[in-house]
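Close look at the chain arrangement
If you want the building blocks of each chain, they are given just below.
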Amino acid sequence: MLGYLGLGGPSLTNEQVVSAITAREESVEHAGVGLDRLLDDDYEAANRIFMEREDAVHQTCQATLLFFKAVLSLDEKETTVAKSALSHAIDLTGDAIAESRRWTDQDRMRLPPETFYELQLASALQLSSILGFVSASMQEALTAAWRFKRAYGLVAKLKKHLATCDLDNDAEEPNKHFYALSLVEKNAVAGILFSHGLTSLAISSIPPGIGRILSIIGFSGSRSDALAELRAASRHSGTPYADMALVALMLFYHAINSMCPIVPPRAEAAYHSLFEPALAAAERYPHSILWRLQEIHIAQRQYGEQAALERFERVDTTGYMAQLRVNYLWEYAIALMNALEFRKAADVMAQLERDNNWNKCVYNYTIGVCLLELYFRGETSALGAAEDRLADARRTLGQKKLFGRAVPIETYIGRKLRKLVRPERATVTPVLELILLFNGFQGQSMITRRSSEALIERPGKVSDDPDVALVRSLLKGHVQAFTDRDEARRTLKVASTLHTRILSDVIDAESWVVPAIFYEMACYAWRDGDLDEARLWLQRTEKCGDHDFADLQAIRLAAARDALAQVST
């Protein structure tokens, strides 16, 4: 813990320093082989490599591996093991910092000798804080916040030092000084750019209300600077941080372009510019599910939903750890729901529910409404199975917390479950709402208009309930947009004028629908080039107050404001 306390010891001789530097270079190179295996989803091989040595480098990598296993499953035992390993890594890196500060022969070093270990310490603190944030304990969440602030301060300090060494530029190629660095220093430079960029991007992407609170206590993040830093890190080939930065960029642009119709004009081009390097990186990791998902995302953007679904079906997950299948199964299930393949979607979601503990309530509710839709399509035997799954969703409701608070989508599901006491009487099938929500409020993923319309209005199933009418208008507007945008716009326009009367006296009202409709009207104005009208609808969206998905809507609003500002200047 000496380094963590900022203490040190007597200086070493030149011979001892040279020996220590050589040992560290060899250790980082050896651990790098393990990180390559980790990025290719070969956890067993990576684990064997990390366990071969007890130094700070390997133990931090080992703790990182255990963190990924824990966060993908949220298994209590694996989370405890990961927390213990991260605490051990924090202690070891603190001691390594103290030891490296004793090195006197620093003339040939572009960076202070403790820089790499400070980066590792920051990484261990960040990962430890994430495990604390997903805890149900408010006390643990507060402790996690302190760790995250400590990590943020370390990375910010390291980033400032890069600037003084002329090592932080984001030119098309890494800075010329980068090529003269040692392996450890190359990893440090790329790692600092990646860590600072990713942290800043996360901070810049959170809802404005929380962002203002974070800025008061010392956190800040510029999205443009963060993206530039991640791009710079992605160009530092030969380090594991390059491909980690690339996948972070891919995930960000995929989310922002999929979820936010009103985005800066360059956002789509920026995403497409990543396709070639991403496909090249995917070839380096032939067994990685994460990189298979990036290939699927690219196919989705280039060739459409059906092409993406075909690629999903070609991925063989046999032999993978259950934790590694989580993201794949989740996205595959949503793709099947988008294609209205509800039997297959329920089966995939059931496998996901068996494999991990991320949110049993969400999984069971999704399976239940998929089976309910099969019942409405004539499979009478599906009703009993649907009722069982919905009962399981009620039983597991509220078991998961985020920052000590209820998970937003569970608030939504809880209200839906109260309304589905007799699921066979549902007037608007809940599965279509879920498809809309899982796609970030975007209706373009509903593949066939005719089938989707059947989910909205069935013979004998149309209700005059005002709350249901509003939900139906939102869903109908999305579906109509496939063939007649003017018709869709009229549907949403009428709904937007009735919302006050519709929701004024409704118990358990679907208040999230109102800002969703207002935002859709802003999208139509944006596409027509009417920026003033778009601003008016966005202002109405902002004034809707708190609702189940206010945080998600705030992200969409932030992207829209950025886009309008860029177009207006």
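What counts and how
Residues numbered from 1 in each chain as written. Predicted model: local features only at pLDDT ≥ 70, side-chain atom pairs only at ≥ 80, totals over all residues. Heavy atoms only, no water. Phe/Tyr/Trp six-rings, centres within 6.5 Å; stacked < 30°, edge-to-face > 60°. Buried < 20%, exposed > 50% of the residue type's maximum accessible area, 1.4 Å probe, protein only. Helix = DSSP H or I, 4+ residues; strand = E, 2+ residues; numbered from the N terminus. Lys NZ or Arg CZ within 6 Å of the ring centre and 35° of its normal. 1 Å grid on protein atoms, 1.4 Å probe; cavity = no way out; pocket = protein on both sides within 12 Å on 5 of 7 lines; lining within 4 Å. Points joined across faces, edges and corners; volume = space filled by probe spheres on them. Nonpolar A, V, L, I, M, F, W, Y, C, P; charged D, E, K, R; others polar.

Counted by the stated rule, this structure contains 16 aromatic pairs. With a centroid separation of 5.6 Å and 50° between ring planes, the pair formed by Y375 and F376 is classed as tilted. Y375 gets classed as partly exposed once you look at its relative accessible area, which sits at 23%. With a centroid separation of 5.7 Å and 55° between ring planes, the pair formed by Y412 and F549 is classed as tilted. Of this pair, Y412 sits in helix α20 (residues 408-419) while F549 is found in the loop between α26 (531-542) and α27 (550-568), placing the two residues 137 residues apart along the sequence. Residues Y412 and F549 agree in their burial class; the two are buried. Each member of the aromatic cluster is reached from another via a ring pair, and the members are F312, Y328 and Y332. Over the aromatic face of Y524 sits the side chain of R527, whose NZ or CZ is 5.5 Å from the ring centroid. If you follow R540 out to its NZ or CZ, it ends over the ring of F518, 4.3 Å from the centre.

Turning our attention to empty space enclosed by the protein. Across all of its chains, the model carries one cavity of 30 Å³ or more by this definition. One number sums up the size of the largest cavity: a volume of about 40 Å³. Taken together, R24, L111, P112, P113, T115, F116, V184, E185 and A188 form the lining of the largest cavity. Take the lining of the largest cavity: its biggest share by element is three residues, from helix α8 (residues 183-205). Taken together, the residues that form the lining of the largest cavity break down as six nonpolar, one polar and two charged.

Positive phi, normally seen in glycine, also occurs at D41, with a value near 65°. Note that D41 resides in the loop between α2 (14-39) and α3 (43-50). Here D41 falls in the buried class, since its relative accessible area comes to 14%. Unlike most non-glycine residues, L340 shows phi in positive territory, near 60°.

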